Amino acid sequence: MNATAFARALHLPRQPLVRHLLCALAAAAVLYVVVARLSSYNDYQVGEIAAYVVALVGLSLLTGANGQISLGHGAFMAVGAYTMALLMNHTQTSFILELAAAAGVAAAAGLVIGLPATRLKGPYLAGMTLLFALAVPSIADKWPATFGGDQGLTTTVPTAPGSLSAEEWLAQIQIIGALLVMVLVANLLWSRYGRAFRAVRDDEIAASLAGIHVARTKVMAFAISAGCAGLGGALLALSTGVVNTGEFPLTLSIQLLAAMVLGGTGTLIGMVWGGILLVYLPQWSTSVSSDFNLGSGASAYLATIIFGVVLIVAMIAAPNGIQGGLGWMWGHRPYPGTGGRSAPAPVPVSTGD
Amino acid sequence: MSLFFDYTLDGIANGMVYATLALALVLIYRATKIINFAQGAAGMLTTFIAFSLLSRGVGYWWAFVLVLVIGFAIGAACERILIRPLHGRSELNPVIVTIGLLVVFEGLAGAIYGNASRGFPAAFSQSGLRVGGTTIAFSHFDVFILIAVLALMAGTLVLFRYTALGLRMRATAFSREIARLLGVRVGLLLTLGWGLAGIAGSLAGLLAAPTSSFGPYYMDLVLVYGFTAAVIGGLESPVGALVGGLITGLCISYVGGYLGSGLEPLGALALLMVALMARPEGIFARPPARRV
């Protein structure tokens, strides 16, 4: 978080909530104009980026602030997307409530998966979430009557108000969702809960001596993170129009991880880079493979290979990601995330406000 | 009752394959405290190499041996080139690198061989053995799986318990610094450990291929089941990997048989969660002392 130095330079208010809200409002105003100017296809892509950002922010909170890892966030996205689609198809709930339910059910799933995580270290949790990512599609395949089988379930976007086109309205919804989640998570990380997350990440024993309930903190981080992924999945399902298991393969979970690492683990703004990568890299690799006549079979896998190579190279050479690199250029100390050779910086621990 | 018997035999045969992959994970975890999530994908890639060799007319056993050697080379190269530079960093970093490798291996296999699942030949007949006039759900190939995996386990045990090399590897796993002071070439042994795990991973790939839909992703489930088996066994002990593999294989076979196929991953997830809540250090490990 380079926000303090940034805020001081711009003379922004010192209260985190006011500052984050001001930044979000400014971003919303700029993006409103941008969306109105772009073509409808570009609006669609901006909306997709925003949906991915929601999920990535959750992952960044989990890994960057709390030091836990998840290879199952694609599956939490699926949980959110299916929840919203089921509510849309069977009930007359309001749209906002459907999105909230998507986040809530995914957070509940995260709570269950996160429970054993309280006693686990990184590799164990990675393995368990990997298994979760493989198990969720099998549930949807097992009961095709409920979950729509291979075709999946359809989603509908609420009708656009006034003169907005459907794509513009969809992009606005997704952008507002992303900004709202970023403000909420930024505030959370700034609060005593955020300090507790970081304290547990840096040293569990020291954190528990300081009066932090380590298990509860880890489960809470996991549930919040899963809830973000669920909301991101629901927002993404609005773009695709359908929810089926093919939309949420294991590779999605791993691509989310790669996007987070490359964007800058632990940062929130960096997740925008991650979202851009998730939307544009597959497109770009398709055009590259058609330029080189690699054939349609290979082109589908080129993006996967690039994501893997990027993940490996970034982890070895630039563990702070794009946002970490930008911060370094601006002269900021990199956020003590998962990367870097140096020991994590000491974090002041609050024992209660 | 006979259905239960069939599921049990099926579970044992599959459990042996999971035990092989669990052994590969254990070999690496003992030496470097890393779970190699690319282990299954590496086995998948070497099995595709075997597939290419077989379709070019190379004999099965030549391909078999050659592929185990290639598995060794891939494992050793991964350690030396990708994992070694990460030493001393956060424990999440090597996890993320092996995940990256998993994606690269699957992407390579998909780009070269395509997404379609193919048939991979088995070394022996896959029709059930006849015992006392009835056919049981255990084939010649399953017998081969049993023998191959038990031989691998025995070899590993002999290596670790009775040879000077195994003693050095155990010393390296115990403490790199102390081993180095005693003149053990720690780096070489770590590479060797990853290579041995590569052999076990390749064997798991070859043994799992004939009974699954052989394509770029067929080892995903074998990897997570092997991981479940390794966690149940405690992640440190080869015997634990074998027992964990059998428990996992049987549980998954019963879940698939009685509750319906397709629920196996969910059953494995439940098993893993129960195992982690009840005995996170595994059934064969002593509870570790916590150092402040």
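Residues numbered from 1 in each chain as written. Chains lettered and ligands numbered in written order. Predicted model: local features only at pLDDT ≥ 70, side-chain atom pairs only at ≥ 80, totals over all residues.

**Some remarks on the overall build of chain B**
The helix and strand tally for chain B stands at 11 helices and 2 strands. Computed over its C-alpha atoms, the radius of gyration of chain B comes to 19 Å, within 12% of the 19 Å expected for a compact globule of 292 residues. For chain B, the spread of C-alpha atoms along the three principal axes comes to 60 × 45 × 35 Å. Classification of the 292 residues of chain B by burial places 51% in the buried group. Look at the contacts in chain B between residues 6 or more apart in sequence, and 71% of them connect residues 24 or more apart. (Helix = DSSP H or I, 4+ residues; strand = E, 2+ residues; numbered from the N terminus. Rg over C-alpha atoms; globule rule 2.2 N^0.38 Å. Buried ≥ 20, exposed ≤ 12 C-beta atoms within 10 Å, placed from the backbone. Contact = placed C-beta atoms within 7 Å.)

**Here's the deal with the confidence of the model for chain A**
Interpretation of this model should avoid reading the predicted coordinates in detail wherever pLDDT is low. Mean pLDDT over chain A works out to 83, with 87% of the residues at or above the 70 mark. For residues 334–353 of chain A, every residue scores under 50 in pLDDT, and the model assigns this stretch 46 contacts once sequence neighbours within four places are set aside. (pLDDT = per-residue confidence, 0-100.)

**Looking at the interface of chain B and chain A**
Contact residues are listed per partner, giving 43 residues for chain B and 44 residues for chain A. Only helix H4 (92–113), helix H9 (218–233) and helix H11 (264–278) of chain B provide two or more residues apiece to the side of chain B that touches chain A. It is H4 of chain B that contributes the most residues to the side of chain B that touches chain A, 15 residues altogether. The residue inventory of the side of chain B that touches chain A, partitioned by class, reads 31 nonpolar, 8 polar and 4 charged. (Nonpolar A, V, L, I, M, F, W, Y, C, P; charged D, E, K, R; others polar.)

**Here we look at the pairing of strand S1 (residues 128–131) of chain B**
Residues and elements named next belong to chain B. Pairing geometry for S1 and strand S2 (residues 134–139), over 3 bridges, is antiparallel. Bridged to Gly128 within S2 is Ser139. Taking the residues that link successive antiparallel strands as the turn, the S1-S2 hairpin has 2 residues, and the phi of Gly132 there is positive, at about 60°. (Pairing = 2+ DSSP bridges.)

**Some details on the nonpolar core**
Grouped together as the largest cluster of nonpolar side chains are 214 residues, with contacts concentrated most on Val54 and Val57 of chain A together with Phe105 of chain B. Excluding its chain neighbours within four sequence positions, the residues that come into contact with Phe105 of chain B are Ala38, Ala41, Ala42, Met44 and Leu45 of chain B. (Core = buried A, V, L, I, M, F, W, Y, C linked by C-beta atoms within 7 Å.)

**Here's the deal with the environment of Leu206 of chain B**
Residues and elements named next belong to chain B. Along the chain, the position of Leu206 falls in helix H8 (residues 186–208). What makes Leu206 buried here is the crowd of 27 C-beta atoms within 10 Å. Residues Leu206 and Ala137, spaced 69 residues apart in sequence, show a C-alpha to C-alpha distance of 20 Å. If near-sequence neighbours (up to four positions away) are discounted, Leu206 is found in contact with Thr47, Ala50, Phe64 and Val67.

**Focus on the environment of Leu256 of chain A**
Residues and elements named next belong to chain A. Along the chain, Leu256 falls in helix H12 (residues 250–264). Note on Leu256: 28 C-beta atoms within 10 Å, which makes it buried. Separated by 197 residues in sequence, Leu256 and Leu59 have C-alpha atoms that sit 8.1 Å apart. Setting aside its immediate chain neighbours within four residues, Leu256 contacts Ala55, Leu56, Leu59, His73 and Gly74.

**A word on the packing of helix H5 (residues 140–162) of chain B against H8 of chain B**
Residues and elements named next belong to chain B. Between H5 and H8, the least distance of the axes is 11 Å, while the angle of their chain directions is 175°. Classified by the angle their axes make, H5 and H8 are roughly antiparallel. On the side of H5, the interface is formed by Ile145, Ala148 and Leu152, while H8 contributes Ala200, Leu203 and Leu207. Taken together, the residues of the contact of H5 with H8 break down into 6 nonpolar, no polar and no charged. (Axes fitted to C-alpha atoms, helices over the stretch in contact; angles between N-to-C directions. Parallel < 35°, antiparallel > 145°, perpendicular 65-115°, else oblique.)

**Concerning the packing of helix H3 (residues 40–66) of chain A against helix H8 (residues 166–190) of chain A**
All names here are of chain A. Packing of H3 against H8 brings their axes to within 8 Å, and their N-to-C directions diverge by 20°. Relative to H8, the element H3 is oriented roughly parallel. When you trace H3 past H8, the crossing you get is left-handed. Here Ser40, Asp43, Tyr44, Val46, Gly47, Ala50, Ala51, Val53, Val54, Val57, Leu61 and Ala65 of H3 lie close against H8, whose contacting residues are Glu167, Glu168, Leu170, Ala171, Gln174, Ile175, Gly177, Ala178, Val181, Met182, Val185 and Leu189. Looking at the contact of H3 with H8 residue by residue, the class counts come to 17 nonpolar, 4 polar and 3 charged. (Left-handed = near helix turned anticlockwise from the far one by under 90°.)

**A few points about helix H9 (residues 192–202) of chain A**
All names here are of chain A. With 8 of 11 residues buried, H9 lies mostly within the body of the structure. Listing the buried residues of H9 in full gives Gly194, Arg195, Ala196, Phe197, Arg198, Ala199, Val200 and Arg201. Summarising the contacts, the buried residues of H9 are in contact with H3, H8, helix H10 (204–209) and helix H11 (214–240).

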